[in-house]
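Geometric and topological summary
Listed here are the chains, written in short residue letters.
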Amino acid sequence: MSAVVPSSKYICPHCNKASRLPEPIPKEGRFQLTCAHCSEKVVLKFLNFNFEIESLIPTAPNNTEPVRVEKENINKPEIPSKPFFEKRIIFEKEKPKPKKNIQFRIPKFYNKKTNNRSLVRYAFTTLATSMFLFIVVFSYFVAGVLQTKKDIPLYLNQLSKNIPTKILDRNGQVVSEIFQKRTSTLDLKDYPEDMVSILLNIEDQKFFYHGGIDYSAILRAFFKNIINLSYKQGASTITQQLARIILDDRRKSLNRKWREAQLAFALESVLTKEQILETYMNHVYLGHGAFGFGEGIKFYFQKNPMELTREEMVLLASLPSAPNKYSPLKNPEYSFNRVRAILSMFRTRGIYPNLGQDHFQKIYNGFATRSPNETVFGSRQDMAPYVTEHVRSILFQLTGDKNIYESGGYIVETTLDKGSQELIGPIVRQYLSKSVKSGKIQKKVIRNQVVSSVELELKKKFDEVSLLNELFWEKDFSESNKDLTGIQAAVVGIQPDSGQVLFIHGGEEFNSNNQFNRATQMRRQTGSSIKAILYASAIDAGVIQAGTRILDAPLYYRGGGGKEWAPENLGGTFDGEISLRTALVKSKNTAAVQIAERLGAPNIESYFTKYFFPDSNEKKQRYRSDLSLALGSLEISPLEMASAFTGFVNQGAIKRPYLIRRIKNAQGVVLYEVGSVDEFKLKLPPERQVIRPDTAEVMVSLLRDSGRASGVRNGGYVGDLIGKTGTTNDYKDAWFVGARPDLSLAVWVGYDNPKFGMGSSGLGGAVSAPLWGEIVNQIDKNHFIPKIQFPSPVHAKMVKICSLSGKLAGVSCPHANELYLSEHVPSETCTDDHSKRSGSENRDLMKGLF
């Protein structure tokens, strides 16, 4: 339809009435006009001051604005192509929300004539004040952003710095370091396309569309958290996460959020999106000491980035939000739940449909064979690796969600003696290797072994610390090479008068497959080494004395169901009536059982409670009341045994062992200080008196002979000591616990898997005592620990007794000097005529020693 009208009007095609044209009349172009009569709209095309009606404009429904005719874009610029990972981001479709008609009602009391002026004034004042505050806050924020922009190079340079956490010995010397980071340095192009796409879909969908902060995500998270009345969803963009990594501030405060937002905007204005993403992917923490996806890929999958499967990519991308909580090694259940939630989200968005849970199950099965305590530093050179791992665990407990690698710079002051600590590892490793090669330590499968409830409980406890034990119990052990870790040893030394740990070593050699600290985390049956505790308890209770005579003869006990138990001595020999000292030196099992009978179950429980189980819950879980505990059937850790022996050289008092004196952060703030903290979770009080001082002096006298006859001389040690060997059934455990006034040292040797024994030479006196002697001999030669001589007795009373009857020595009696508690000194004098006794009756006490 067209019409040419020479006048200044046009005919409306809707109502056929004339309406005025714009003045002056345009020479050319398109114009939308509204009829003055019917209010309908038309588009007129002008050319050389003439026009024609080009199209009709329909009126939009519901009295909304009419559809406009847009001008054509001439010379439209070409839109640059997006990066591949930007194209791959998938957004969920939002449903159109119906518009609501909002009606406002004026209250009845409102008087338009009288209140209109005051309302306008109030509105103006409020608006002006709000604008002023907004301008002030915005200006302050922008000023902060501008200042932060200048510091961006410094911040980025700080990311590359490596501030170690230092572990110091008692003299301030560095024993070990925990490196702050092992950071990946890959370029963005080195990561697979799917890796970047999956990460963005999980962490920040709108990364390429926001300016550092995603306001819609903030509102969405806010309302979701309000509805759930708890923290359910975060809204931090990748830029904000990078800002948090740079600032290294995990405090939940408005000031931190303010600085984080300023830095996020500054990063967006200085760096490109690709640079921000690359920096984030190289520095985000993924757990177990791995910083960045490059290091995470190597640690979790031992692959190059381009070799990853999509399932592995999803698992890695699930870690940044909570790397410790969602670690597939530490918390596989939490990790798998997180992965399932991600798969559900992907299905909703219609992306990566071929990711199946069965593929993930294979990945988790592979993780099940690895230690939950494994880190990227598993193969590092460290003279005190078990100490380092212990300190690391304490730091994790102190810092909570904050990871110690991201902050770094901690100073950990310990009680260690560096010289002693550094020589322990090489000595243990060389000694075990030499003993295996010589055949002294063998690997014997224990046939037809019935696994007791004790060992099952031990397995349960061991599993809590190391997943390696699961391998040991579930595989066929008929072949010796199934035992991954081989022969092991645990060594721990304590300063008796303070409880300070001087050195500690938890295995044959520390590596990624052998991080279990057997000195503190393992509990094993102690064998005869527990007899020192039993004898001390009986002497303290007054049921035996140092001069007591006891019958070494076969014993038979009938239990329920007609079962019999006959404790046997090593070698099956019996010596008749012998002294208490001889019974302890020869480690007579028959004598120990008789002493336990004399002491009685209530007294045994009372003393063992004081020594090991002051905590009622701990005693309920670990203590058993039967005569077998006299032979070492209870499971005790090397640390607990070394601590127990300190009571003998410390007047019957035991100080709770500790290793860490103080921990300070990089700013010098003290985070941890020794005091009421039970560092090793032994559930012990800071100090306890287990036996009387005079009882301790009596035990020192008895245990000196036992220590000298133990086998420490074979390790080169020739000094004074107290000590007791221990060997368990089938030679599964070999112990020696020895002490001096300056040192209490426990040594354990054995296999992790109780289905293996060390052979008939695997005795405490043949295996563990020489290792004890070699360690202490080297410590003394290097003067690492000041040596203290045993003091003379001041509480117990020295008495001259008949060595054959135990009574006060008569005229013809062969005599010996023994220490007694003051109230238990013998009152009867021996009247026997021993002058005609044959010398053959005085047997060599060294015969049959082990």
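Nothing here was measured: the structure is a model prediction, and the numbers come from that model.

1. Re the packing of aromatic side chains
As enumerated under the stated definition, the model contains 22 aromatic pairs in all. Both rings, one in Tyr-285 and one in Phe-291, keep their centres 4.7 Å apart while their planes meet at 45°; by these two values the pair is tilted. Residues Phe-613 and Tyr-623 carry aromatic rings whose centres are separated by 6.2 Å and whose planes lie at 65° to one another, so their mutual orientation is edge-to-face. Of the two residues, Phe-613 is situated in the loop between α20 (601-611) and α21 (616-622) and Tyr-623 in the loop between α21 and β17 (635-636); the sequence distance between them amounts to ten residues. Residues Phe-613 and Tyr-623 agree in their burial class; the two are buried. Here the aromatic cluster, defined as three or more aromatic residues joined through ring pairs, consists of Phe-299, Tyr-300, Phe-301, Phe-336, Tyr-364 and Phe-367.

2. Some remarks on the nonpolar core
Counting 83 residues, the largest nonpolar core has Val-492, Phe-608, Tyr-611, Phe-612 and Phe-648 as its most contacted members. For this core, the element with the highest residue contribution is helix α17 (residues 531-541), accounting for seven residues.

3. Points about the sheet that holds strand β6 (residues 165-168)
Reading across from one edge, β7-β6-β8-β19-β20 is the order of the five strands in this open sheet, with mixed pairing throughout. Two strands in the sheet have a free side with no partner beyond their single neighbour: β7 (174-178) and β20 (670-673). Sheet twist, expressed as the mean angle between neighbouring strand axes with direction ignored, is 15°. Its contacts with the sheet place helix α12 (residues 385-399) against β6, β7, β8 (411-414), β19 (660-664) and β20, and it is angled at close to 55° to β19.

4. Regarding the confidence of the model for the chain
Averaged over every residue, the pLDDT of the chain is 82; residues scoring 70 or more account for 76%. Note that pLDDT drops below 50 for residues 91-95; the model gives that stretch six contacts with residues more than four away or on any other chain. Within the model, pLDDT remains below 50 along residues 450-484, and this stretch shows 59 contacts once partners closer than five positions in the same chain are excluded.

5. Some points on the pattern of salt bridges
Pairs can form between side chains of opposite charge whenever their charged atoms are close. Counted by the stated rule, this structure contains 34 salt bridges. In this structure, Glu-618 and Arg-523 form a salt bridge, with 3.2 Å as the shortest nitrogen-oxygen distance. Taken as a pair, Glu-618 in helix α21 and Arg-523 in the loop between β11 (501-505) and β12 (524-525) lie far apart in primary sequence, 95 residues in all. Classification of Glu-618 by relative accessible area gives buried; the value is 5%. Owing to a relative accessible area of 23%, Arg-523 belongs among the partly exposed residues under this scheme.

6. A closer look at helix α9 (residues 310-317)
With seven of eight residues buried, α9 lies mostly within the body of the structure. Of all the positions in α9, only Glu-311, Glu-312, Met-313, Val-314, Leu-315, Leu-316 and Ala-317 are classed as buried. Structurally, α9 contributes buried residues whose contacts are with α3 (193-203), α8 (292-301), α10 (332-349) and α11 (357-367).

7. A few points about the environment of Val-387
With respect to the secondary-structure elements, Val-387 resides in helix α12. In this structure, Val-387 is in contact with Ile-167, Leu-416, Gln-421, Ile-504 and Leu-659, ignoring residues within four places of it in sequence.

8. So, the pairing of strand β3 (residues 28-34)
Here seven bridges tie β3 to strand β4 (residues 41-47), and the two strands are oriented antiparallel to one another. Following the sheet pairing, Phe-31 is matched in β4 by Leu-44. The antiparallel pairing of β3 with β4 creates a hairpin that spans six residues between the two strands, and Ser-39 there sits at a positive phi of about 65°.

9. Structural notes on helix α5 (residues 238-247)
In an α-helix, one turn spans 3.6 residues, which is why side chains three or four residues apart end up on the same side. The element α5 is largely enclosed, with a buried count of ten among its ten residues. Of the positions making up α5, those classed as buried are Ile-238, Thr-239, Gln-240, Gln-241, Leu-242, Ala-243, Arg-244, Ile-245, Ile-246 and Leu-247.

Each value, and the rule that gives it
- Residues numbered from 1 in each chain as written.
- Predicted model: local features only at pLDDT ≥ 70, side-chain atom pairs only at ≥ 80, totals over all residues.
- Heavy atoms only, no water.
- Phe/Tyr/Trp six-rings, centres within 6.5 Å; stacked < 30°, edge-to-face > 60°.
- Helix = DSSP H or I, 4+ residues; strand = E, 2+ residues; numbered from the N terminus.
- Buried < 20%, exposed > 50% of the residue type's maximum accessible area, 1.4 Å probe, protein only.
- Core = buried A, V, L, I, M, F, W, Y, C linked by side-chain atoms within 4.5 Å.
- Pairing = 2+ DSSP bridges.
- Axes fitted to C-alpha atoms, helices over the stretch in contact; angles between N-to-C directions.
- Contact = heavy atoms within 4.5 Å.
- pLDDT = per-residue confidence, 0-100.
- Salt bridge = Lys/Arg side-chain N within 4 Å of Asp/Glu carboxyl O.

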